Amino acid sequence: MTTVPNEPDALDLGLPSPVADPALPAEVRIHEVGPRDGLQNEGALVPVEVKAEFIARLAAAGLRTVEATSFVHPKWVPQLADAEDLVPRLADLPGRYPGLRLPVLVPNERGLDRALVHGVGDIAVFASATETFARRNLNRSADEAMAMFEPVVRRATEAGLRVRGYLSMCFGDPWEGPVPPEQVVAFGTRLLEMGCDELSLGDTIGVATPGQVGGLLDGFARAGVPTGRLAVHFHDTYGQALSNTLAALRGGVTTVDASAGGLGGCPYAKSATGNLATEDLVWMLHGLGIRTGVDLRALVAASGWMAERLGRPSPSRTVQALLGGRA
């Protein structure tokens, strides 16, 4: 009987085949949000040792920005109540993986105080471009939230920390509908002016389309904001995350948020489904000849490992394709 060899997978065959586009950036930095933005939406609590191992596997796969956790009050996000236990477990990773950054989200000055005790080097604050979401997520108006973040950002920058500003609901809000681009630009520039090094524009409920993305980037350009200070954060609710990312790249953006295995959503907006899967993003970027520094096979293995711990398949199409029944 003739034995038929196992069919090689796409990576074994040298796929995706890179075809560079000179209109696109040569390199993209992926801001991995799975351990924080992804796991915060889990119904069951993930053990701290599993989180630490997941982050270590992502770093080993070549990701050099991995958002680890949030110093939020456990009452609001119980899935991240173990921040004080998790962060010390990661202390050796930057030494093992030079250039690795492990930012944490802080909601207010109390959260910053907790983060500073653990010697973090990067923090993030989370604002809203709409009034309704600000009140539901932050329990205050959008302007009041901005005022709350000012001392956080000031103290963090004075302490030598790098600060990222997240701005949610940049394209559509589940209660208010379409969000005017000028409104997004106004709130975004306020975050940058108060001292944020980088601004991540969030399509929290995944309703953006490529034309909207280009239009919003044009609005920031008219306001004098260089694209080097902007990142994009897309959810894949309507299957538009990759096309929106490509539009952002054509607009000059070089930092893209993504979540390993497509984990995540938003606990305050039920219409916010999973984030753009990091594996799907890397597949597209590598096919465009864009450097990421990420070992796709190692990344897929890390997401498959986490999917096993969560007890359900990964929604990432690339993970499913490369791991098959083991995803």
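Located above this text is the structure these notes cover.
Residues numbered from 1 in each chain as written. Predicted model: local features only at pLDDT ≥ 70, side-chain atom pairs only at ≥ 80, totals over all residues. Heavy atoms only, no water.

Enquirer: Explain empty space enclosed by the protein to me, and be specific about the residues and the numbers.
Expert: Summed over all chains, the structure comprises 1 cavity of 30 Å³ or more. By volume, the largest cavity amounts to about 50 Å³. The wall of the largest cavity is formed by His 31, Arg 101, Pro 103, Asp 122, Ile 123, Arg 162, Arg 164 and Glu 198. Those elements giving two or more residues to the lining of the largest cavity turn out to be strand 4 (122-128) and strand 5 (162-168). Tallied by class, the residues present in the lining of the largest cavity amount to 2 nonpolar, 1 polar and 5 charged. (1 Å grid on protein atoms, 1.4 Å probe; cavity = no way out; pocket = protein on both sides within 12 Å on 5 of 7 lines; lining within 4 Å. Points joined across faces, edges and corners; volume = space filled by probe spheres on them. Helix = DSSP H or I, 4+ residues; strand = E, 2+ residues; numbered from the N terminus. Nonpolar A, V, L, I, M, F, W, Y, C, P; charged D, E, K, R; others polar.)

Enquirer: Tell me about unusual backbone geometry, and please be specific about residues and values.
Expert: Cis geometry is found at the peptide bond from Leu 15 to Pro 16, where omega equals 0°. The phi dihedral of Asn 139 falls on the positive side, at around 60°, and the residue is not glycine. In this fold, Asn 139 is placed in the loop between helix 6 (131-138) and helix 7 (142-158). Even without being glycine, Met 169 reaches a positive phi, approximately 55°. By the secondary structure assignment, Met 169 is in the loop between strand 5 and strand 6 (172-173).

Enquirer: Any details on helix 9 (residues 210-222)? Residues and values, ideally.
Expert: Over its 13 residues, helix 9 extends 19 Å from the first C-alpha to the last, a length consistent with the 18 Å expected when each residue adds 1.5 Å. Looking at helix 9, one finds that the buried residues are Val 213, Leu 216, Leu 217, Gly 219 and Phe 220. The arc that holds the buried residues of helix 9, viewed along the axis, is 155°, so those residues lie on one side. The outward face of helix 9, more than 90 degrees from its buried face, is lined by the exposed residues Gly 211 and Arg 222. Buried-residue contacts for helix 9 involve helix 8 (181-193), strand 8 (198-203), strand 9 (230-234) and helix 10 (241-250). Immediately beyond the C-terminal end of helix 9, within one or two residues, lies Gly 224, with a positive phi of roughly 85°. (Expected span 1.5 Å × (residues − 1). Buried < 20%, exposed > 50% of the residue type's maximum accessible area, 1.4 Å probe, protein only. Arc of directions from axis to C-beta. Contact = heavy atoms within 4.5 Å.)

Enquirer: Could you give an account of the side chain of Ser 303, naming the residues involved and the relevant values?
Expert: By the secondary structure assignment, Ser 303 is in helix 12 (residues 296-310). Using a relative accessible area of 3% as the deciding quantity, one classes Ser 303 as buried. A polar contact of 2.3 Å, which involves the side chain of Ser 303, links it to the side chain of Glu 279. Residue contacts for Ser 303: discarding those within four places in its chain leaves Ala 260, Gly 261, Glu 279 and Val 319. (Polar contact = N/O pair within 3.5 Å; in protein donor to acceptor, adjacent residues only side chain to side chain.)

Enquirer: Break down the pairing of strand 9 for me, citing the residues and quoting the values.
Expert: For strand 9, a buried count of 5 out of 5 residues is recorded, marking the element as mostly surrounded by other parts of the structure. On strand 9, burial covers both faces: Leu 230, Val 232 and Phe 234 on one face and Ala 231 and His 233 on the other are all buried. Pairing between strand 8 and strand 9: 5 bridges, direction parallel. Across the sheet, the residue bridging to Gly 202 is His 233, located in strand 9. (Pairing = 2+ DSSP bridges.)

Enquirer: Which residues make up the packing of aromatic side chains, and what values go with them?
Expert: Any pair of aromatic rings gets described here by the distance separating the centres and the angle formed by the planes. Enumeration according to the criterion identifies 2 aromatic pairs in this entry. Ring centres of Phe 126 and Tyr 166 lie 5.9 Å apart, and the angle between their planes is 40°; on these two criteria the pair is classed as tilted. Within this pair, whereas Phe 126 is found in strand 4, its partner Tyr 166 is found in strand 5, the two being separated by 40 residues in sequence. Seen in terms of ring centroids, Phe 171 and Phe 234 are 6.2 Å apart; in terms of plane orientation they differ by 40°. Their pairing is tilted. Separated by 63 residues along the polypeptide, Phe 171 in the loop between strand 5 and strand 6 and Phe 234 in strand 9 bring together distant segments of the chain. (Phe/Tyr/Trp six-rings, centres within 6.5 Å; stacked < 30°, edge-to-face > 60°.)

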